[in-house]
Amino acid sequence: MNGKNKQVAMLKKLIYTGIILIVFTSCNGMLKESDGGLVISIDAKRIPYGGTALVMIESYKPVRAEDLMVTVTVPGEGTKELTPESRDAKSSLFHITVGPDMNSSDGMRIITAVTGHGTRQVVAKASYLAGSVIADYTIMTHFPDMGTKPAMNDYLEQFTGLGGNLVVLHANIGAEAVWGGSTGIKAVWPSKVCIKSASPEHDRIEMMLDITDSLGIPALISVSWDLSNPDLRYENYMQSIEAIIDEQWKMYGHHPSLAGFYSYQEGSGTYLTGYMREFCKSVKRHSRGLLTMCSPNIDDPLLAGYLAMIEDLDIVNYQAPIMTSYRSDNRQMYPNCRVRDITSLSSGATRITDKITLSHVEFMGYHENKTGDSYLTGYDNIFNQFPSAASAYGPDGTSFFSYFSCIFFNQAKLPEETATAVQAIKDGLKAYNLIRETTSTEPSRLAVYIPYADWCIERWQNCITPALDAFRQLGVSYDVLPFVPKKGEEILPFYPMNKNPEQADYLLQNRYVVILPDISGMQETDSEMIEDFVRRGGVVIAFGPRIPYGDRFDREKLWGARESVPVQSSRYYNRITVSKPGARTYKGQSWSFGPIASTAWIPEKENMIAGFPDGTASVFSNEYGEGKTYVVTMSARNAVSICPDLVRDILDDALACRDVYRPFDVYGAAGNMDISMNGGQSSYTISAANYNSRPVDLVIKPLLLEPDKKYKLIDLKSGEVLSEKTGSGYRSIPVRVESNDFSAFGIEPESEQN
């Protein structure tokens with residue numbers, strides 16, 4: 001830690017100490033007994049490596065510092081005891097500084113405060129994140145009956161050796177026949193609220209938490225209803241879940257590594273949000289600092305926005321069901337690149353509400369992706385998901401599904417296959433960390449937006465993913481942002497009626513250009529938000545063939561033109577000609593093609609960018625309020641296929657309105673690839689991941705280099721300086737990206753002494 005950072009940390013500590021004293025004198029005694037007796041607050045949810053966390057503990061009744069035990073888990077180092085400080089020998093308010101020595105590695109830090117004993121014991125939790133998370137789902141029913149704890153130690157040693165730093169103790173009620181144990185379904189802990197359960201000496205949750213305490217690895221307990229009770233009725237499931245949470249908190253809450261609870265129940269539509277709200281409320285009533293987590297699937301992309309608005313939900317781990325899309329009951333067969341899209345969708349929602357988001361990589365194999373006679377896929381399918389997850393901006397880490405069930409569980413039966421899978425994870429994590437730390441550290445500023453709709457959930461497959469694939473073919477980096485309801489309007493099934501001002505502000509503050517791909521219309525909430533966004537200086541690009549109507553904007557005024565012909569495939573839509581050229585196009589340039597689906601619009605002449613043979617516009621712009629709109633009457637897929645340079649010009653013109661400039665053009669990109677790029681003051685980075693079975697030859701064109709300034713081209717994978725030239729010497733850089741691999745480069749100016 002350099003001197004400047006030390007000064008900042010010291011100033012921060014002094015300020016915080018002053019705040020504590022103010023709170024002490026003004027708020028002492030305000031904590032109610034119903035709050036649980038102890039409350040922990042931390043000054044930040046995330047801190048940088050080597051940073052300092054400032055912790056405040058408030059007690060319902062004054063206690064002595066020596067009667068208050070406070071711990072922090074440090075992944076890889078174990079559980080550390082902290083010393084609370086207060087103004088008086090007996091106090092209701094304590095503060096602690098968790099210094100840089102405990103924040104120099106990746107992972108969640110779990111703060112646990114305990115006072116009292118037996119039935120009078122009071123426990124509180126809080127947490128913060130340093131660096132990133134790597135999580136796994138530990139299938140608790142699959143450990144052997146004999147040698148359970150050694151097997152747990154072996155598993156955790158392997159997982160943490162890969163960089164793992166968080167576990168979800170999953171499937172805690174189930175059959176144990178897999179390892180030759182009993183076939184009956186029972187809880188793996190000695191439960192008084194489940195019909196069948198383990199004896200105290202075989203308490204697997206206690207065993208595992210003892211180990212995670214010693215390793216400093218946070219653990220969340222996965223909670224279901226009592227699966228051992230075949231007579232439990234659906235209407236009693238929630239009551240059963242609450243009883244299990246209550247029992248497990250009383251049994252295990254004192255463990256320093258217990259971070260919170262995870263919902264065993266998954267879901268894929270907005271119907272999940274009502275249950276998740278109740279689940280999280282059941283957890284938080286024990287301690288506000290307990291973490292809550294869920295792992296939904298993607299059928300309805302609006303689920304991401306609704307989960308983001310559950311105040312008590314802390315961690316969202318959207319499943320990127322790449323491997324599971326090959327299951328017999330789910331033959332969607334998604335390409336590897338879809339990991340990035342689903343990751344971006346989730347983080348695009350949670351960034352607005354500042355929740356922790358984890359991406360998701362799958363190791364299981366089905367049918368054609370299966371390796372050996374096992375629940376495991378091969379090297380390429382495992383490796384490729386890591387650069388795809390890393391190419392999305394925003395997540396706080398990733399999760400495996402699952403190292404335990406796919407690899408650890410199969411090692412004795414398939415030693416060669418599992419060794420190959422482990423190597424794929426090691427190589428994948430290396431790629432993940434490099435891309436995440438160099439080329440996807442900033443928003444792309446291009447937001448493909450998913451509006452609210454009560455009857456259009458097919459938009460994800462029919463409108464959104466075709467546009468995303470078009471942009472990756474164009475070699476453009478993008479983010480996915482779904483509708484996030486306004487606070488107070490997030491309760492389903494009631495319709496949201498008004499714009500979410502926080503989302504509009506987020507888009508403006510982050511200088512996003514909003515892209516609406518083939519969106520036919522928007523209801524009140526989105527049409528008001530889009531109109532407000534543009535009027536206040538935002539920029540929107542609408543791709544056809546359907547250009548949005550809106551309940552709360554005048555369509556002709558917003559888009560600046562009149563639609564003369566509705567969507568149709570016409571012989572007139574077979575050529576477009578440029579009337580207002582950009583950096584890559586020229587006036588009179590034209591492209592001919594077969595008839596495509598489009599609309600015909602008549603804008604003001606000065607706003608026409610390109611037109612059809614009948615004189616109607618195919619591309620046009622409009623100034624509206626302080627902002628601007630663009631319309632491309634054909635689909636993004638058709639536009640990129642027919643006139644890619646015209647699309648690049650439109651994107652750059654729109655971004656320039658927000659004072660944003662892309663650092664690279666990429667030519668030659670194919671489907672099933674991911675491109676991410678960053679551009680700083682003078683240094684620029686780019687990565688390209690190829691999940692195809694053949695190499696892809698790209699041409700990368702830097703856009704922001706000064707012609708006479710000297711730069712060096714660096715291979716970020718090896719650290720090797722490949723060349724040193726002036727900016728004019730880097731007009732185009734040929735790059736071959738091998739199959740199932742990635743390339744990453746940086747361009748930075750030579751130092752002044754050179």
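### Here's the deal with the environment of F483
Stage number 1. Residue placement: F483 occurs in the loop between β23 (479-482) and α12 (501-509).
Stage number 2. Judged by its relative accessible area of 1%, F483 is buried.
Stage number 3. Each C-alpha atom, one on F483 and one on A349, is 7.5 Å from the other, the two residues being 134 residues apart in sequence.
Stage number 4. When sequence neighbours within four positions are dropped, the list of residues in contact with F483 reads L302, G305, Y306, Y449, I450, P451, Y452, P496, Q503, T525 and D526.

### Description of the packing of helix α4 (residues 237-252) against helix α5 (residues 272-284)
Stage number 1. It is the contact of α4 with α5, at a shortest axis distance of 9 Å, that shows an interaxial angle of 30°. Our classification of the angle between α4 and α5 gives roughly parallel. Here α4 runs over α5; the crossing is right-handed. Here M238, I241, E242 and I245 of α4 lie close against α5, whose contacting residues are Y275, E278, F279, S282 and V283.

### Description of the confidence of the model for the protein
Stage number 1. Mean pLDDT over the protein: 91, with 93% of residues reaching 70 or higher.
Stage number 2. Below pLDDT 50 for its whole length, residues 19-35 participates in 24 contacts with residues either more than four positions away or in separate chains.

### Quick look at the sheet that holds strand β38 (residues 696-702)
Stage number 1. The three strands lie next to each other as β35-β38-β41, forming an open sheet whose pairing is antiparallel. With one partner strand each, in any of the chains shown, β35 (664-667) and β41 (733-737) form the two edges of the open sheet. Averaged over all pairs of adjacent strands, the angle between strand axes in this sheet comes to 30°, irrespective of strand direction.
Stage number 2. The pairing of β35 with β38 spans four bridges and is classified as antiparallel. Its bridge partner being in β38, Y667 is matched across the sheet by V699.

### Section: the packing of aromatic side chains
Stage number 1. Overall, the coordinates contain 24 aromatic pairs when judged by the stated rule.
Stage number 2. An angle of 10° between the planes, with centres 5.9 Å apart, marks the rings of Y379 and F383 as stacked. Of the two residues, Y379 and F383 both sit in helix α8 (residues 379-390), four residues apart, roughly one turn of that helix.
Stage number 3. Note on Y379: relative accessible area 28%, which makes it partly exposed.
Stage number 4. A residue is classified by how much of its surface remains accessible, and F383, at 5% relative accessible area, is buried.
Stage number 5. A ring pair is formed by F553 and W559, whose centres lie 6.3 Å apart and whose planes are at 85°; its orientation type is edge-to-face.
Stage number 6. With relative accessibility at 9%, the residue F553 sits in the buried group.
Stage number 7. One aromatic cluster is present, formed by F143, Y155, F159, F363, F386, F400, F404 and F408 through successive ring pairs.

### Some remarks on a nonpolar patch on the surface
Stage number 1. Side chains of Y661, L703 and L704 sit close together on the surface and give an oily, nonpolar patch of about 250 Å² of accessible area.
Stage number 2. As for its position among the elements, L703 is in the loop between β38 and β39 (710-715).
Stage number 3. For L703, a relative accessible area of 32% gives the class partly exposed.

### Structural notes on the pattern of salt bridges
Stage number 1. Scanning the model with the defined rule gives 38 salt bridges in all.
Stage number 2. Here R64 and D67 are joined by a salt bridge, their closest N and O atoms 2.9 Å apart.
Stage number 3. A residue is classified by how much of its surface remains accessible, and D67, at 36% relative accessible area, is partly exposed.
Stage number 4. A salt bridge links R555 to E563; the shortest N-O distance between them is 2.8 Å.
Stage number 5. R555 gets classed as buried once you look at its relative accessible area, which sits at 12%.
Stage number 6. Among the charged side chains, a salt-bridge network with shared partners connects R338, R340, D341, D469, R472 and D674.

### Brief notes about the packing of α8 against helix α10 (residues 415-438)
Stage number 1. Direction vectors running N to C along α8 and α10 enclose 15°, while the axes themselves pass 8 Å from each other. In terms of orientation, α8 and α10 fall into the roughly parallel class. Relative to α10, α8 is oriented so that their crossing is right-handed. Contacts between α8 and α10 involve Y379, I382, F383, F386, P387, A389 and A390 from the former and T420, A421, Q423, A424, I425, D427, G428, L429, A431, Y432, I435 and R436 from the latter.
Stage number 2. In terms of residue class, the contact of α8 with α10 is built from 14 nonpolar, three polar and two charged.

### A short note on unusual backbone geometry
Stage number 1. Here the residue pair F401 and S402 is connected by a cis peptide bond, since its omega of -20° sits within 30 degrees of zero.
Stage number 2. When you line up the elements, S402 lands in the loop between β21 (397-401) and α9 (403-407).
Stage number 3. Between G544 and the following residue, P545, the backbone shows a cis peptide bond with an omega angle of 5°.
Stage number 4. By secondary structure assignment, the location of P545 is in the loop between β26 (539-543) and β27 (549-550).
Stage number 5. In this model, A171 sits at a positive phi of 55°, which is unusual for a non-glycine residue.

Rules of the game
Residues numbered from 1 in each chain as written. Predicted model: local features only at pLDDT ≥ 70, side-chain atom pairs only at ≥ 80, totals over all residues. Heavy atoms only, no water. Helix = DSSP H or I, 4+ residues; strand = E, 2+ residues; numbered from the N terminus. Buried < 20%, exposed > 50% of the residue type's maximum accessible area, 1.4 Å probe, protein only. Contact = heavy atoms within 4.5 Å. Axes fitted to C-alpha atoms, helices over the stretch in contact; angles between N-to-C directions. Parallel < 35°, antiparallel > 145°, perpendicular 65-115°, else oblique. Left-handed = near helix turned anticlockwise from the far one by under 90°. pLDDT = per-residue confidence, 0-100. Pairing = 2+ DSSP bridges. Phe/Tyr/Trp six-rings, centres within 6.5 Å; stacked < 30°, edge-to-face > 60°. Patch = residues over 30% accessible without salt bridge, like charges linked within 9 Å, V, L, I, M, F, W, Y side chains within 5 Å. Areas by Shrake-Rupley, 256 points an atom, 1.4 Å probe, with all protein chains shown as cover. Salt bridge = Lys/Arg side-chain N within 4 Å of Asp/Glu carboxyl O. Nonpolar A, V, L, I, M, F, W, Y, C, P; charged D, E, K, R; others polar.

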